[in-house]
Amino acid sequence: MAAEGWIWRWGWGRRCLGRPGLPGPGPGPTTPLFLLLLLGSVTADITDGNSEHLKREHSLIKPYQGVGSSSMPLWDFQGSTMLTSQYVRLTPDERSKEGSIWNHQPCFLKDWEMHVHFKVHGTGKKNLHGDGIALWYTRDRLVPGPVFGSKDNFHGLAIFLDTYPNDETTERVFPYISVMVNNGSLSYDHSKDGRWTELAGCTADFRNRDHDTFLAVRYSRGRLTVMTDLEDKNEWKNCIDITGVRLPTGYYFGASAGTGDLSDNHDIISMKLFQLMVEHTPDEESIDWTKIEPSVNFLKSPKAPFLLPQTTWTTPRGTSAAGP
């Protein structure tokens, strides 16, 4: 029987620490994440969450061995970043600070899932704190700049955990998580909180929580999913789910943060990368994935005036992550 395509079957699942497998759109029973390949009765499991799928060379885990070490430089950091035994602080709760941490090894996985344990906290009251954290999968690393402590006009993927609304006319509720894919031609507009280059986003109350907060980013076969666990329920909640995303291999994972006139502590406790075991067609395997240009297939060419269509991504729970 010829393959007719892939069907994604994602159920709402509980988050197990250190174990991959995001739930996805569509209500269903609590089941592991998997893909069904229509080849007769053949199915392809993404992962069973065993330790062999954790890619330690791309993971930041306590104790932080290899961070900034010349003997085993798995991760490098710069700027205001401070390493402790319990967390990596990208910025302290002080004005005009920038810091970042970057994996030293380029990632050549086609399908992956990153779990980030983070904490944003400080003394500032409502709307008197900032600016937030950015998670990166980009061509360049360790380049400081104005976008949450890292460079603008980047090549690759960025997930912004923004805590301060610069645009006073916005209807968004902050903190706010958004996604941007860039081929180097687009600039992030801080004055509009990245509204014109955002692919999708959601409100996420992750600041000053008295329990652990987690975010997961999953990329597989052109589908990008962002999930959160912010309620101390050990469950993933849908934030962003978009298709048509093209990302190359050979880019670097990193995290950065910045403060301006307002500030916060921006901490990374862990970043765990899991390999997703996905079968690809012979045509897909023949592609040089390092030569792919970052893109999203429903966007106009960035060389033209950049506009995003009005798009709403609806989650199974009835909430929506709306595009611009």
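Residues numbered from 1 in each chain as written. Predicted model: local features only at pLDDT ≥ 70, side-chain atom pairs only at ≥ 80, totals over all residues. Heavy atoms only, no water.

With an unreviewed UniProt entry as reference, the protein is termed Lectin, mannose binding 2, source organism Macaca fascicularis.

Q: Describe the sheet that holds strand β8 (residues 112–121), with residues and values.
A: The strand order across the open sheet built from seven strands is β5-β6-β18-β8-β13-β14-β15, with neighbouring strands paired in antiparallel fashion. The sheet terminates laterally at β5 (82–83) and β15 (237–242), the two strands that pair on one side only. By the bridge criterion, five bridges tie strand β14 (residues 223–229) to β15 in an arrangement that is antiparallel. Paired with L224 across the two strands is I242, which belongs to β15. (Pairing = 2+ DSSP bridges. Helix = DSSP H or I, 4+ residues; strand = E, 2+ residues; numbered from the N terminus.)

Q: With reference to specific residues and values, describe the pattern of salt bridges.
A: In total, this model carries 14 salt bridges according to the counting rule given. K110 is the partner of E285 in a salt bridge, and the nearest nitrogen-oxygen pair spans 3.5 Å. Of this pair, E285 sits in helix α1 (residues 282–285) while K110 sits in the loop between β7 (98–103) and β8; the two residues are 175 residues apart in sequence, bridging distant segments of the chain. For E285, a relative accessible area of 42% puts it in the partly exposed group. Where salt bridges share partners, they join R139, D140 and K151 into one cluster. (Salt bridge = Lys/Arg side-chain N within 4 Å of Asp/Glu carboxyl O. Buried < 20%, exposed > 50% of the residue type's maximum accessible area, 1.4 Å probe, protein only.)

Q: Outline the state of the cysteines, listing residues and values.
A: Inspection of every chain in the model, using the stated rule, returns one disulfide. Across a sulfur-sulfur distance of 2.0 Å, C202 and C239 are joined as a disulfide pair. Taking the sign of the torsion about the S-S bond as the criterion, the disulfide between C202 and C239, at about -100 degrees, is left-handed. Of this pair, C202 sits in strand β12 (residues 200–203) while C239 sits in strand β15, placing them 37 residues apart in sequence. No difference in accessibility class separates C202 from C239, as the two residues are buried. (Disulfide = S-S within 2.5 Å.)

Q: Tell me about the packing of aromatic side chains, residues and numbers included.
A: In total, this model carries 12 aromatic pairs according to the counting rule given. Plain terms: the ring middles of W112 and F253 are 4.9 Å apart, the flat faces sit at 85 degrees to each other, and that makes the pair edge-to-face. Of this pair, W112 sits in strand β8 while F253 sits in strand β17 (residues 252–258), placing them 141 residues apart in sequence. Assigned by exposure class, W112 and F253 land together as buried. Overall, the relative accessible area of 3% leaves F253 in the buried class. Taken together, the ring pairs in this structure connect W112, Y137, Y219, Y251 and F253 into an aromatic cluster. Of note, R141 hangs over the ring of Y252, and the distance from its end group to the ring centre comes to 5.4 Å. (Phe/Tyr/Trp six-rings, centres within 6.5 Å; stacked < 30°, edge-to-face > 60°. Lys NZ or Arg CZ within 6 Å of the ring centre and 35° of its normal.)

Q: Would you mind going over the side chain of D193 in detail, with residue names and values included?
A: Following the sequence through the fold, D193 ends up in the loop between β11 (176–183) and β12. It turns out D193 is buried and unbridged, and the closest side chain with the opposite charge, R172, is 5.0 Å from it. Those residues in contact with D193 that lie beyond four places of it in its chain are D162, Y164, P165, N166, D167, R172, F174 and Y188. (Lys, Arg positive; Asp, Glu negative; His and termini not counted. Contact = heavy atoms within 4.5 Å.)

Q: Which residues make up the sheet that holds β11, and what values do they have?
A: Ordered by their spatial adjacency, seven strands build an open sheet running β4-β7-β17-β9-β10-β11-β12, and the pairing between neighbours is antiparallel. Taken across any chain shown, the strands that pair with only one partner, and hence form the sheet edges, are β4 (75–79) and β12. Sheet twist, expressed as the average angle between the axes of neighbouring strands with direction ignored, equals 15 degrees. Note: β7 against β17, five bridges, orientation antiparallel. Counted as the bridge partner of W102 is G254 from β17. (Axes fitted to C-alpha atoms, helices over the stretch in contact; angles between N-to-C directions.)

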